[in-house]
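Structural description and commentary
The lines below spell out each chain.
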Amino acid sequence: MTAKTSQSGRKAGGRRGSLGEWLTPARTTVLVLVVLSLVFIFENTRTTEIRLLIPEVTMPLWLALLGMGVIGALCGAFFLSRRR
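The model shown is predicted, which means the values in this text are computed figures rather than measured ones. (Residues numbered from 1 in each chain as written. Predicted model: local features only at pLDDT ≥ 70, side-chain atom pairs only at ≥ 80, totals over all residues. Heavy atoms only, no water.)

Below, the discussion takes up the overall build of the protein chain. Helix and strand content of the protein chain: three helices and two strands. The linear arrangement of helices and strands in the protein chain, starting from the amino end, is α-α-β-β-α. Across the 84 residues that make up the protein chain, the buried fraction comes to 4%. A fraction of 3% describes how many contacts in the protein chain between residues 6 or more apart in sequence connect residues 24 or more apart. (Helix = DSSP H or I, 4+ residues; strand = E, 2+ residues; numbered from the N terminus. Buried < 20%, exposed > 50% of the residue type's maximum accessible area, 1.4 Å probe, protein only. Contact = heavy atoms within 4.5 Å.)

In structure tokens:
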């Protein structure tokens, strides 16, 4: 016995955009990472002093770590693009 399908190829009576279709493993992972990032930011709002060679800069800890993460991602992307 087969399910009836509509002209668009969907099963008859099926709901479009149900929660099961929207909540894929990749989207769930991204959602968890966003929540963890927000928790990290709100927990690390105090300022810290950073010394780079000579100048000393005062900035929020989360901003310094985000900057280092972006620099690391750019370096990784550069080396991966050079390999191809």
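Relative to the elements of secondary structure, Glu49 occurs in strand 1 (residues 47-51). Leave out the neighbours within four places in its chain, and Glu49 touches Glu56, Val57 and Thr58.

With that settled, consider the confidence of the model for the protein chain. Confidence in the prediction for the protein chain averages 80 pLDDT; 77% of positions are at 70 or higher. The least confident element of the protein chain, judged by mean pLDDT, is helix 1 (residues 19-22) at 77; the most confident is strand 2 (residues 56-60) at 91. (pLDDT = per-residue confidence, 0-100.)

Together, Val30, Val34, Leu38 and Phe42 give the surface a local cluster of nonpolar side chains, amounting to about 390 Å² of exposed area. Summarising the element assignment, Leu38 is placed in helix 2 (residues 25-43). (Patch = residues over 30% accessible without salt bridge, like charges linked within 9 Å, V, L, I, M, F, W, Y side chains within 5 Å. Areas by Shrake-Rupley, 256 points an atom, 1.4 Å probe, with all protein chains shown as cover. Salt bridge = Lys/Arg side-chain N within 4 Å of Asp/Glu carboxyl O.)

Turning our eyes to something else, we now look at the pattern of salt bridges. This model, assessed by the stated rule, comprises one salt bridge. A salt bridge links Arg51 to Glu56; its shortest N-O distance comes to 3.7 Å. In this structure Arg51 comes out as exposed when scored by relative accessible area, which is 57%.

Following the sequence through the fold, Asn44 ends up in the loop between helix 2 and strand 1. For Asn44, the side chain forms a polar contact with the main-chain oxygen of Phe40, separated by 2.9 Å. In this view, Asn44 contacts Leu61 and Trp62; residues no more than four positions away in its chain are not counted. (Polar contact = N/O pair within 3.5 Å; in protein donor to acceptor, adjacent residues only side chain to side chain.)

Let us look at the pairing of strand 1. Of all five residues in strand 1, zero are buried; the element is thus mostly exposed. Two elements, strand 1 and strand 2, share five bridges in a ladder whose sense is antiparallel. Considered in strand 2, the bridge of Arg51 is made with Glu56. Hairpin connection between strand 1 and strand 2: a loop of four residues separates the two successive antiparallel strands, and Leu53 in this loop has a positive phi of roughly 60°. (Pairing = 2+ DSSP bridges.)

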